[in-house]
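# Fold and geometry: a report
Single-letter residue listing:
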Amino acid sequence: MIDQILEYNHEFVSSKAYEPFITDKFPSKKLAVLTCMDTRLTELLPKALGLKNGDAKIIKNAGGLILSETDSAIRSLIVGIYELGVKEVMVVHHSTCGACHMSYSEFRPHMLEHGITESVLSEWEEKGVAEWLEGFHDTEASVRKTVAAIVNHPLIPNDVIVRGFIIDSVTGELKEVD
């Protein structure tokens, strides 16, 4: 698959198909979107939000979550705010998210099947891997928790607007979470 992608990329560049996407690093709408890495959202989310290349910083991870004060999502938001001029943040989780049912107990046997040893798993269990790989079971509550993690972060300024939403994974309809 990667070789096919590289072949496509060569043609993309040589035909100058990139030209419609040229922009700079600053989000023109001064917006960051924290969302899930779900493949259904790759094109649906920007189109449903009316975003074009260069409009917003889109930060994706499994579930669209903030797991700690120092995780990569909060780091990206801080960089977006202080370095790139972000003034508003949308937290956008989605319907039928796989992270709703995610758990270490389900991952563990697969990890063993893929050659991860019991000793490595035991070491990671002592580090809290079960909590780290735990998903959520209530999407609205997860949105509220993620919004609160951003709003209450000591390095996020009070003048940044943070709002939470759930997008329908099929239709793209947004529902704000209070």
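Let me sum up the structure you'll find in this document. All values derive from a computational prediction rather than experimental measurement.

## Quick look at the overall build of the protein chain
Looking only at helices and strands, the protein chain features seven helices and five strands. When the helices and strands of the protein chain are placed in sequence order, the string is α-β-α-β-α-β-α-α-α-α-β-β. Along the first, second and third principal axes, the C-alpha set of the protein chain runs to 50 × 45 × 35 Å. By residue count, 38% of the 178 residues in the protein chain fall in the buried class. For the protein chain, contacts bridging at least 24 residues in sequence account for 74% of all contacts bridging at least 6. Within the structure as shown, the protein chain displays about 11400 Å² of accessible surface, and the carbon and sulfur contribution to it stands at 57%. Positive and negative side-chain charges of the protein chain, numbering 17 and 27 respectively, have mean locations separated by a distance of 8 Å.

## Notes on the pattern of salt bridges
Using the criterion set out here, one finds eight salt bridges in the structure. With a closest N to O distance of 3.8 Å, Lys47 and Glu43 form a salt bridge. On the criterion of helical spacing, the pair formed by Lys47 and Glu43 is a turn pair, its members being four residues apart in helix α2 (residues 41-49). Residues Lys47 and Glu43 agree in their burial class; the two are exposed.

## Here's the deal with the layout of surface pockets
A volume near 320 Å³ is recorded for the largest pocket. Around the largest pocket sit 13 residues that line it, and Asn61, Ala62, Leu67, Asp71 and Trp132 are the ones nearest its centre. If you list the elements that add at least two residues to the lining of the largest pocket, you get α3 (72-84) and α6 (129-132). The residue makeup of the lining of the largest pocket, split by class, is seven nonpolar, three polar and three charged. In this structure, the second largest pocket spans a volume of roughly 260 Å³. If you go around the second largest pocket, the residues you meet are Phe21, Thr42, Glu43, Pro46, Lys47, Leu51, Lys52, Asn53, Gly54, Asp55, Ala56 and Ile58.

## Observations concerning the environment of Val162
Positionally, Val162 belongs in strand β4 (residues 161-167). C-alpha of Val162 to C-alpha of Ala17: the two residues are 145 residues apart in sequence and 35 Å apart in space.

## Concerning the side chain of Asp71
Residue placement: Asp71 occurs in the loop between β2 (56-61) and α3. The buried charged residue Asp71 lacks any salt bridge, with Arg75 as its nearest oppositely charged partner at 9.5 Å.

## Focus: the packing of helix α4 (residues 104-113) against helix α5 (residues 118-126)
Packing of α4 against α5 brings their axes to within 10 Å, and their N-to-C directions diverge by 155°. It follows that α4 is roughly antiparallel to α5 by the angle criterion. Handedness of the α4/α5 crossing: right-handed. Side by side, α4 and α5 meet where Tyr104, Arg108, Met111 and Leu112 of the first sit next to Glu118, Leu121 and Glu125 of the second. Partitioning the contact of α4 with α5 into residue classes produces four nonpolar, no polar and three charged.

## A short note on the sheet that holds β2
Across the sheet, five strands lie side by side as β2-β1-β3-β4-β5; this open sheet has mixed pairing. Where the open sheet ends on each side, the last strands, each with one partner, are β2 and β5 (174-177). For this sheet, the mean inter-axis angle between neighbouring strands, taken without regard to orientation, is 25°. Taken together, the four bridges between β4 and β5 define a ladder with antiparallel strand orientation. Across the sheet, residue Ile166 finds its bridge partner in β5, namely Lys175. The sheet contacts of α2 involve β1 (31-36), β2, β3 (88-94), β4 and β5, and relative to β1 the element is tilted by about 145°.

Conventions and cut-offs
- Throughout this description, residue numbers start from 1 for each chain and increase along the sequence as written.
- Since the coordinates come from a predicted model, pLDDT governs what is reported: local features require at least 70, and pairs of side-chain atoms require 80 or more to be given and counted, while whole-chain, interface and lining totals use all residues.
- Here the side-chain values reflect all heavy atoms present in the structure, with hydrogen atoms and water set aside.
- Where helices and strands are cited, they refer to DSSP runs of H or I of at least four residues and of E of at least two residues respectively, numbered from the N terminus.
- Using a 1.4 Å probe on the protein chains alone, a residue whose accessible area is under 20% of its type maximum counts as buried, one over 50% counts as exposed, and one in between counts as partly exposed.
- Throughout, a residue-residue contact means that at least one pair of heavy atoms, one from each residue, lies within 4.5 Å.
- Methods summary: accessible areas were calculated by the Shrake-Rupley approach with a probe of 1.4 Å, and residue burial reflects only the protein chains presented.
- Think of it this way: Lys and Arg go in the positive column, Asp and Glu in the negative one, and His and the chain ends go nowhere.
- We put the charge of a Lys on NZ, of an Arg on CZ, of an Asp on CG and of a Glu on CD.
- Any Lys or Arg side-chain nitrogen found within 4 Å of a carboxyl oxygen on Asp or Glu counts as a salt bridge.
- The way it works is a 1 Å grid over only the protein atoms, where trapped points that fit a 1.4 Å probe form a cavity and open points with protein on both sides within 12 Å along at least five of seven lines form a pocket, and then any residue with an atom within 4 Å of a point lines it.
- Grid points are joined across faces, edges and corners, and a volume is the space filled by probe spheres set on the points.
- Residue classes follow a fixed rule: Ala, Val, Leu, Ile, Met, Phe, Trp, Tyr, Cys and Pro count as nonpolar, while Asp, Glu, Lys and Arg count as charged, and any other residue, Gly among them, counts as polar.
- Between the N-to-C directions of two axes lies an angle of 0 to 180 degrees, each axis being a line fitted to C-alpha atoms and, for a helix, fitted only over the stretch in contact.
- Throughout this description, any angle smaller than 35 degrees is read as roughly parallel, any larger than 145 degrees as roughly antiparallel, any in the 65 to 115 degree range as roughly perpendicular, and the remainder as oblique.
- Crossing handedness follows the turn of the near helix against the far one: under a right angle anticlockwise gives a left-handed crossing, and clockwise gives a right-handed one.
- Pairs of strands are assigned from DSSP output, requiring at least two bridges between the strands.

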